[in-house]
Amino acid sequence: MSAKHYTFRIQRNRKGPDGRIASRWVDYPVSATETTTILTLLEEIKGDQDGSLTFRQSCRSAICGSCAMKIGGRTRLACKTHVGSVANADGVVVVAPQANQPVLKDLAIDIGPFFERIHKIQPHLEDGPDTDAVLEQSAYDQVNHVTQCIMCGSCYSDCVMAEVTPEFIGPAALAKAFRFVSDPREGQKRRRLEQLSHPHMMWSCARCAMCVESCPKDVKPMEAIVKLRTRGLAKGLDAGPGPKHALAFHQDIQQTGNLNEFTLMMRTVGILGTLEELGTAFHLMKKWKIPSPLPHKSAGLAELAKIYEILEEHPLDVETKAKEVVPE
Amino acid sequence: MQSHDLIIVGAGLAGMRAALEGVKAGIDVAIVTKIHPLRSHSCAAQGGINAAINPQDSRDSHAFDTVKGADYIGDEDAIELMCHEAPEAILEMDRMGTPFSRIEGGLIAQRAFGGASFNRTCYAADRTGQVLLHTLWEQLVKAQVKVYEECSVMRLVTDREQAIAGVVAYDIKTGAVFALRAKAVLMATGGYGRVFLSNTNATTNTGDGMALALRAGAPLADMEFVQFHPTGLRTSGVLVTEGARGEGGYLINALGERFMSRYAPNKLELASRDVVSRAEQTEIIEGRGINGAVFLDLRHLGADKILERLPQIRQLSLDLEGVDAIHAPIPIRPTAHYSMGGIRTDKYGASPLHGLFAAGEAACVSVHGANRLGGNSLLDTIVFGRITGSHCARFVKGEKLRDFAASEVAAVKGNLDTLKSRPDQGVRPIALHHRMAAAMNLHCGVFRTVEGMREGVSELPGLREDYQKIHLDDHADDFNIDLLRAVELGHLIDLAECIVRGALAREESRGAHSRIDFPERDDAVWRKHTLSHWDGAKGEVILSHEPVRTLGRAEYAPKVRTY
Ligand SMILES: Cc1cc2nc3c(=O)[nH]c(=O)nc-3n(C[C@H](O)[C@H](O)[C@H](O)COP(=O)(O)OP(=O)(O)OC[C@H]3O[C@@H](n4cnc5c(N)ncnc54)[C@H](O)[C@@H]3O)c2cc1C
Ligand code: FES
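Procedures and definitions
- Residues numbered from 1 in each chain as written.
- Chains lettered and ligands numbered in written order.
- Predicted model: local features only at pLDDT ≥ 70, side-chain atom pairs only at ≥ 80, totals over all residues.
- Heavy atoms only, no water.
- Helix = DSSP H or I, 4+ residues; strand = E, 2+ residues; numbered from the N terminus.
- Rg over C-alpha atoms; globule rule 2.2 N^0.38 Å.
- Buried < 20%, exposed > 50% of the residue type's maximum accessible area, 1.4 Å probe, protein only.
- Contact = heavy atoms within 4.5 Å.
- Areas by Shrake-Rupley, 256 points an atom, 1.4 Å probe, with all protein chains shown as cover.
- Pairing = 2+ DSSP bridges.
- Domains from an automatic or database assignment.
- Buried area = accessible area lost by both parts, 1.4 Å probe.
- Salt bridge = Lys/Arg side-chain N within 4 Å of Asp/Glu carboxyl O.
- Polar contact = N/O pair within 3.5 Å; in protein donor to acceptor, adjacent residues only side chain to side chain.
- Nonpolar A, V, L, I, M, F, W, Y, C, P; charged D, E, K, R; others polar.
- Phe/Tyr/Trp six-rings, centres within 6.5 Å; stacked < 30°, edge-to-face > 60°.
- Near = heavy atom within 4 Å.
- Patch = residues over 30% accessible without salt bridge, like charges linked within 9 Å, V, L, I, M, F, W, Y side chains within 5 Å.
- Disulfide = S-S within 2.5 Å.
- Core = buried A, V, L, I, M, F, W, Y, C linked by side-chain atoms within 4.5 Å.

> Got a sec to walk through the overall build of chain B? Specific residues and values, please.
Scanning chain B from terminus to terminus reveals 16 helices and 19 strands. The C-alpha radius of gyration of chain B comes to 22 Å, within 12% of the 24 Å expected for a compact globule of 563 residues. Principal axes of the C-alpha set define a box for chain B whose edges measure 65 × 55 × 50 Å. Across the 563 residues that make up chain B, the buried fraction comes to 67%. Look at the contacts in chain B between residues 6 or more apart in sequence, and 73% of them connect residues 24 or more apart. A total accessible area of about 18200 Å² is found for chain B, and carbon and sulfur atoms account for 51% of it.

> Before we move on, could you go through the sheet that holds strand 4 (residues 110-111) of chain B and cite the residues and values that matter?
All names here are of chain B. Overall, antiparallel pairing links the three strands, which are arranged 3-5-4 in an open sheet. This sheet does not close on itself; its edge strands, each paired only once, are strand 3 (49-50) and strand 4. Sheet topology note: the strand 3/strand 5 (residues 121-122) ladder contains two bridges and is antiparallel. Each residue of the ladder has a partner; that of Asn50, found in strand 5, is Thr121.

> How would you summarise the domain arrangement of chain B if you had to cite specific residues and measurements?
All names here are of chain B. Taken as a whole, chain B is organised into domain 1 (232-334) and domain 2 (409-528). Each of domain 1 and domain 2 has a C-alpha centre, and these two points are 30 Å apart. Taken residue by residue, the interface counts seven residues in domain 1 and five residues in domain 2. For the pair domain 1 and domain 2, the two sides together bury roughly 420 Å², of which 75% comes from carbon and sulfur. Of all residues in domain 1, the largest losses of buried area upon contact with domain 2 belong to Asp274, Arg278 and Gln281, amounting jointly to 75% of the total for that side. Taken together, the links from domain 1 to domain 2 amount to zero salt bridges. Taken together, the connections running from domain 1 to domain 2 amount to one residue pair in polar contact (both at pLDDT 80 or more). No other element matches helix 8 (residues 273-285), which puts six residues into the side of domain 1 that touches domain 2. Along the lines of polarity and charge, the residues of the side of domain 1 that touches domain 2 split into two nonpolar, three polar and two charged.

> Kindly report on the packing of aromatic side chains, identifying the contributing residues and their values.
All names here are of chain B. Tallied over the full model, the rule gives seven aromatic pairs over all chains. Consider the rings of Phe196 and Phe228, whose centres lie 5.6 Å apart with planes at 80 degrees: the pair is edge-to-face. Of the two residues, Phe196 sits in the loop between strand 9 (177-187) and helix 5 (208-216) while Phe228 sits in strand 11 (residues 226-233), which places them 32 residues apart along the sequence. As far as the burial class goes, Phe196 and Phe228 line up, both buried. With a centroid separation of 5.2 Å and 70 degrees between ring planes, the pair formed by Phe357 and Phe395 is classed as edge-to-face. Of this pair, Phe357 sits in strand 16 (residues 356-358) while Phe395 is found in helix 11 (residues 376-397), placing the two residues 38 residues apart along the sequence.

> Any chance you could break down the interface of chain B and chain A for me, citing the residues and the numbers?
Facing 54 residues of chain B, the contacting portion of chain A comprises 56 residues. Interface of chain B and chain A: buried area, both sides summed, is about 4400 Å²; carbon and sulfur atoms make up 50% of it. Ranking the residues of chain B by area buried against chain A places Arg39, Asp319 and Phe479 of chain B at the top, with a combined share of 16%. The tally of links between chain B and chain A comes to six salt bridges.

> Describe the site of ligand 1, listing the residues and the values that go with them.
Residues and elements named next belong to chain B. Taken together, 38 residues form the shell around ligand 1, and within it Thr33, Ser40, Ser42, Glu361 and Leu378 come nearest. In the environment of ligand 1, an oxygen atom lies 2.7 Å from a nitrogen or oxygen atom belonging to the side chain of Ser40. Between a nitrogen atom of ligand 1 and a side-chain N or O atom of Ser152, the distance comes to 3.3 Å. Here ligand 1 has 1000 Å² of accessible area as a free molecule, and 97% of this is covered by the chains. Those elements that place two or more of their residues in the shell around ligand 1 are helix 1 (13-24), strand 2 (29-33), strand 7 (151-158), strand 14 (330-339) and helix 11. Per element, the largest residue contribution to the shell around ligand 1 is four residues, and it comes from helix 11. Here the shell around ligand 1 is composed, by residue class, of 14 nonpolar, 20 polar and four charged.

> Which residues make up the domain arrangement of chain A, and what values do they have?
Segmenting chain A into domains produces domain 1 (4-109), domain 2 (112-234) and domain 3 (248-313). Relative placement of domain 2 of chain A and domain 3 of chain A: their C-alpha centres are 29 Å apart.

> Can you break down a nonpolar patch on the surface residue by residue, with the values?
Residues and elements named next belong to chain A. A cluster of nonpolar side chains, contributed by Met266, Ile271, Leu272, Leu275, Leu278, Phe282 and Met285, occupies part of the molecular surface with about 720 Å² of accessible area. Breaking the nonpolar patch down by element, the ones donating at least two residues are helix 12 (261-276) and helix 13 (278-286). Given the relative accessible area of 58%, Ile271 is considered exposed.

> Tell me about the side chain of His134 of chain B, and name the residues and values.
For His134 of chain B, the position within the fold is in helix 4 (residues 128-142). Residue His134 of chain B is classed as buried on the basis of its relative accessible area of 6%. Contacts of His134 of chain B, omitting those with residues within four sequence positions, involve Cys149, Ile150, Met151 and Lys176 of chain A together with Leu38 of chain B.

> Account for the state of the cysteines, with residues named and values stated.
Summed over the entire model, instances satisfying the criterion amount to zero disulfides over all chains. With no disulfide partner, Cys155 of chain A has as its closest neighbouring cysteine sulfur the one in Cys211 of chain A, 6.3 Å distant. Its sulfur unpaired, Cys498 of chain B is 11 Å from the next cysteine sulfur, which belongs to Cys444 of chain B.

> Hey, could you go over the nonpolar core for me, with residue numbers and the actual values?
Of all hydrophobic cores here, the largest spans 214 residues; its most connected members are Phe8, Leu42 and Leu196 of chain A together with Phe196 and Leu356 of chain B. Excluding anything up to four places from it in sequence, Leu42 of chain A contacts Phe8, Ile10, Leu53, Phe55, Met69, Ala78 and Leu107 of chain A. By size, the runner-up hydrophobic cluster in this structure holds 27 residues, among which are Leu296, Leu310, Ile330 and Ile332 of chain B.

If you want it as structure tokens, here you go:
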């Protein structure tokens, strides 16, 4: 394979005397074959062009979680991303630090806030009443994907919910929580699910699947979140807008095959909550976007009933049809 | 000045396991680590961890395999201790929550590894180190151990009586240099793979703990024994686990021959690592490789088995070599992997320097002797992490804090400032590192010659001189990785000197140390450990030797090692 010319457009960040970060973009030319990793080239730039370029890295093999950064607009591990897969048509590769977290210097972020979120879910097995005696491979098979997590922060950096709601605990912490809720040895499954039902925890995810796409280790955090919710509901943890919304949704579909969006809001956040949202409602009305208040039934309700019957007999754990993580 | 009873330097498996023991014993223990604990290189261990947990296996057989694998230079008391403690150590990790792979009935699954007479390597798919590391970190969080994260230890401090008084650390995030007093310091800083140009190690594996101990007056042992792993990826050196051969993978040369039948007719691909690495190197030297590599062939295992048992390996080969192991053989070559040598300790992890302990890859206990068996080093970290941790806890109970001179902090600051402010004399740190590491690969690799090693020794003064000229681009205080790497390079040069001097002195071939001019093992003269000491007056490393700790058992008597 022959070498090509690329331009690394790197966001250089420096803390000024006032403690604030000043950013500028600097271009670095490199030449490399398409399958050279971004990390190799960042090292080359640091070694030969500017030793002050700062980023974290260690293992070089996608297992230590140090080198997650924004590459070509998405968060990826620099050590497993091929330059050819992220350069634009002009050979430009845009590199910036992870989002949703404070920047320290150049591409290095403060990892403190990310790990504080992980600490919040008590990331360790607990003794207690819920322990099962026998450990089988099958028990591991269902947590297998979450134990692949290397805490690189990619999912959090790309999480749209974290972007608008910094209090959101985030996909990585929830995936970690799922790992314990599903472990036969865990003794506090119920207490964990109660905690996870609090605001800004599992019900705050918007299920956009960005985390599933960003994850370099195929952890599928959103799938873990959906499973956590199912388990919470199964334990009767249905207080709060999240579960209410899910249950109302469920009820509509089961009874009519359609969503009654007009009453959905009321059933989710109650009358007071709905009043708070009246402004939005008027706005929607002006644009002819307010749904009809009258419930109408879909054709094929009988078939739907059958689907429900089957599901109740064989409850499935949800598998999201996440895009297979293809090698870059 | 901050103080603790025990300071553990390093948050890999050995460091974290030791810390938990300190907490259990009720002492004030803190960890200092230059990277977040979960970034420690223990996470990269793929294949597994040995323990005789199957009723048909035995601890004695594990000990015998280890004595033989070590080529009769491991300390037998420590080997027996490790192999006997192994099953309990694994079951304890299991109880803490490690998701080991299972067989039917829920027992921990085990696979074949090189040099073992039983399938005794427990695993979690091909990411055993990662799950062990995450489990110990979880326990560390639970125990609320104080961790100085992203702080690099720059100096070991002793008092007038040559006893440990603490460390000087450097906060990478802010650039602050600070003192930490302690009654004991435990080095769990891992290996020094970066001494070699082609290696399987993380860029942070710079053997800091060994170099700091050496300079503080503790001897390092057996530094000439460097394990070259038979299957590093051709371009990056990144590792393909021995588990791939344990699962049935073949090694083939450019002609498609399974060449191991000529070198180890019984064990074939699963002979001991030193044997396989030499076989590969011979194939390459004799022209039966392609671009300096031979091949690991997994194709006959089929897609299902590869995806279930070796998913990470397939992905790594795709990411780093552009080869899909399901359809094509993976280009591999022998690559520097593991340091059998390290800080000399007894079987409780105590070094001869009062108050200094070591565990894990940074230590030479010595359970690995001249050649480590695959799956024994994760075990070493867990078992000796525990033993050394509890031994330290007992030790500090009878100790007081020692005098810690304020000038120690000033001296470290001074060094860092000098490095930062040096004018540009045309020596870039990366170029100097490259020069040293390339020389080590050339002169101290799989096969060693007297001329090569002499050449290596003669390059040392020049390297040290140029080290005094390196110039940094980054002059900032905060997050100055440029500066950190310059300090690490100093450590690497010290360790390179220990390795090459030890190798030149050892006039025999044993385990991973293979000399063209002395192809045989010489038990009469050389069944002994090499100790390296820093001679401050001369400014160089000097050597001495020490007998192996043997137990006099008939089955441990040295024999010709065949596989
Ligand atoms: C790719 C690879 C695969 C392997 N596979 C296996 C396997 O399958 N089975 C097996 O048994 N062994 C395997 N090994 C070997 C084994 O993984 C290591 O020997 C072992 O994990 C080392 O653990 P440790 O705790 O001693 O050090 P590490 O895990 O390397 O941790 C070192 C710690 O020291 C800290 N540190 C270093 N310097 C400083 C400083 N100056 N100041 C502060 N902190 C510092 C670091 O931050 C880090 O936390 C493998 C090794 C490699 C490289
Ligand atoms: S360097 Fe470890 S994940 Fe990239």
